[in-house]
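Chain by chain, the residues:
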Amino acid sequence: GENVEQHPSTLSVQEGDSAVIKCTYSDSASNYFPWYKQELGKRPQLIIDIRSNVGEKKDQRIAVTLNKTAKHFSLHITETQPEDSAVYFCAAMPWGSNYKLTFGKGTLLTVNP
Amino acid sequence: NAGVTQTPKFQVLKTGQSMTLQCAQDMNHNSMYWYRQDPGMGLRLIYYSASEGTTDKGEVPNGYNVSRLNKREFSLRLESAAPSQTSVYFCASRSGTMSSYEQYFGPGTRLTVT
């Protein structure tokens, strides 16, 4: 089955700096890569996703890049704010998996004011 | 439009007790999922239902059973709870169309087994 590795497990940045979280996946048939944000005690919520026919996608301060050849994808957050502090999860969905997601283990991002 | 709802929010069980976690969605979604979340482990799929009338095992199904009661409701049952099942349980749903992949999560149930 699919295996998703996520790094780093914790990340601390100063407000205004950029943050980058990286994930690698094992199944070359994966074609959908979402990123979820989970605040303490809350549910995971989708913040951005990318499909395998696209190399980069941006939404305001958040961007995701995908390198299919290397089987890795990254989340980029620019001009970080304290409200960006949360756990971020990447996931991958192999084609033919019946739309099942395999998640990484998460990154705790702390933005210091 | 409440989205995905779960009951109860919190539960404490003794080893060997049974319980059912309830999940419902009002978005007319076809697919529903049960995950467990443990510290440092991310979200792991327990069972899923691709459509009403079907269920299938995920990554960690042992010790659990599910029922897709109707299109709206998908329940998770622990027949004989064990301390290893202490976790936060999330239900999620997806529209089920071929072009829509996003999963929407419920608020979670925090379960402690002593």
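All values reported here derive from a predicted model rather than from experimental measurement.

Draft legend 1. Just the overall build of chain A, in detail. Along chain A, the regular secondary structure elements total 0 helices and 11 strands. Counted from the first residue to the last, chain A has its helices and strands arranged as β-β-β-β-β-β-β-β-β-β-β. By the compact-globule yardstick of 13 Å for 113 residues, chain A fits well, its C-alpha radius of gyration being 14 Å. Dimensions of chain A, computed from the C-alpha atoms along their principal axes, are close to 45 × 30 × 20 Å. Expressed as a percentage of its 113 residues, the buried residues of chain A come to 43%. Partitioning the contacts of chain A with sequence separation of at least 6, the portion at a separation of at least 24 is 54%. Per element, the accessible surface of chain A, about 5,700 Å² overall, is 47% carbon and sulfur. On chain A, the mean spot of the 12 positive side-chain charges and the mean spot of the 12 negative ones are 7 Å from each other.

Draft legend 2. Representation of the overall build of chain B in the model. The number of helices and strands found in chain B is 0 helices and 11 strands. Counting from the amino terminus, helix and strand elements in chain B follow one another as β-β-β-β-β-β-β-β-β-β-β. For a compact globule of 114 residues, the expected C-alpha radius of gyration is about 13 Å, and chain B comes in at 13 Å, within 12% of that figure. For chain B, the spread of C-alpha atoms along the three principal axes comes to 40 × 30 × 25 Å. By the burial criterion, 48% of the 114 residues in chain B qualify as buried. Of the contacts formed within chain B by residues at least 6 apart in sequence, a portion of 56% connects residues at least 24 apart. Counting every atom, chain B has about 5,100 Å² of accessible surface; 50% of that belongs to carbon and sulfur. One way to put it: in chain B the 11 positive side-chain charges average out to a point 5 Å from where the 8 negative ones average out.

Draft legend 3. Spatial organisation of the interface of chain A and chain B. Residue-level contacts link 20 residues of chain A with 24 residues of chain B. Summing the contributions of chain A and of chain B, the shared interface buries around 1,900 Å²; its carbon and sulfur component is 57%. When residues of chain A are sorted by the area they lose upon contact with chain B, R43(A), Y99(A) and F103(A) head the list and together hold 32% of the total. Linking chain A with chain B are 4 residue pairs in polar contact (both at pLDDT 80 or more). Sorting the residues of the side of chain A that touches chain B by element identifies β4 (30-38), β5 (45-51) and β9 (86-94) of chain A as the ones contributing at least two each. Classifying every residue of the side of chain A that touches chain B gives 10 nonpolar, 5 polar and 5 charged.

Draft legend 4. Structural view of the sheet that holds strand β6 (residues 56-59) of chain A. All names here are of chain A. Strand order across the open sheet formed by 5 strands is β1-β3-β8-β7-β6, with antiparallel pairing between neighbours. Edge positions in the open sheet fall to β1 (4-7) and β6, since each of these has one partner strand only. Averaged over all pairs of adjacent strands, the angle between strand axes in this sheet comes to 15°, irrespective of strand direction. Note that strand β3 (residues 19-25) and strand β8 (residues 72-77) share 6 bridges and pair antiparallel. In the sheet register, I21 faces β8, and the bridge partner there is L75.

Draft legend 5. Structural detail: the sheet that holds strand β1 (residues 4-7) of chain B. All names here are of chain B. With antiparallel pairing, 4 strands are arranged side by side in an open sheet as β1-β3-β8-β7. The sheet is open, and its two edges are formed by β1 and β7 (64-68), each paired on a single side. Across the sheet, the axes of successive neighbouring strands diverge by a mean angle of 20°, strand direction being ignored. Strand direction decides the pairing type here: β1 and strand β3 (residues 19-25), joined by 4 bridges, are antiparallel. Looking across to β3, one finds that T7 is bridged to Q22.

Draft legend 6. Spotlight on the nonpolar core. Counting residues in each nonpolar core, the largest one holds 23 residues, and the members touching the most others are W35(A), F73(A), L75(A) and L109(A). Residues within four places of F73(A) in sequence aside, it is in contact with I21(A), K22(A), C23(A), Y25(A), F33(A), W35(A), T65(A), L66(A), C90(A) and A91(A). Core analysis: the next-biggest nonpolar cluster, separate from the first, contains 20 residues, V4(B), I46(B), F74(B) and V113(B) among them.

Rules of the game
Residues numbered from 1 in each chain as written. Chains lettered and ligands numbered in written order. Predicted model: local features only at pLDDT ≥ 70, side-chain atom pairs only at ≥ 80, totals over all residues. Heavy atoms only, no water. Helix = DSSP H or I, 4+ residues; strand = E, 2+ residues; numbered from the N terminus. Rg over C-alpha atoms; globule rule 2.2 N^0.38 Å. Buried < 20%, exposed > 50% of the residue type's maximum accessible area, 1.4 Å probe, protein only. Contact = heavy atoms within 4.5 Å. Areas by Shrake-Rupley, 256 points an atom, 1.4 Å probe, with all protein chains shown as cover. Lys, Arg positive; Asp, Glu negative; His and termini not counted. Charge placed at Lys NZ, Arg CZ, Asp CG, Glu CD. Buried area = accessible area lost by both parts, 1.4 Å probe. Polar contact = N/O pair within 3.5 Å; in protein donor to acceptor, adjacent residues only side chain to side chain. Nonpolar A, V, L, I, M, F, W, Y, C, P; charged D, E, K, R; others polar. Pairing = 2+ DSSP bridges. Axes fitted to C-alpha atoms, helices over the stretch in contact; angles between N-to-C directions. Core = buried A, V, L, I, M, F, W, Y, C linked by side-chain atoms within 4.5 Å.

In short, the description is geometric, and any link to function would need to be established separately.
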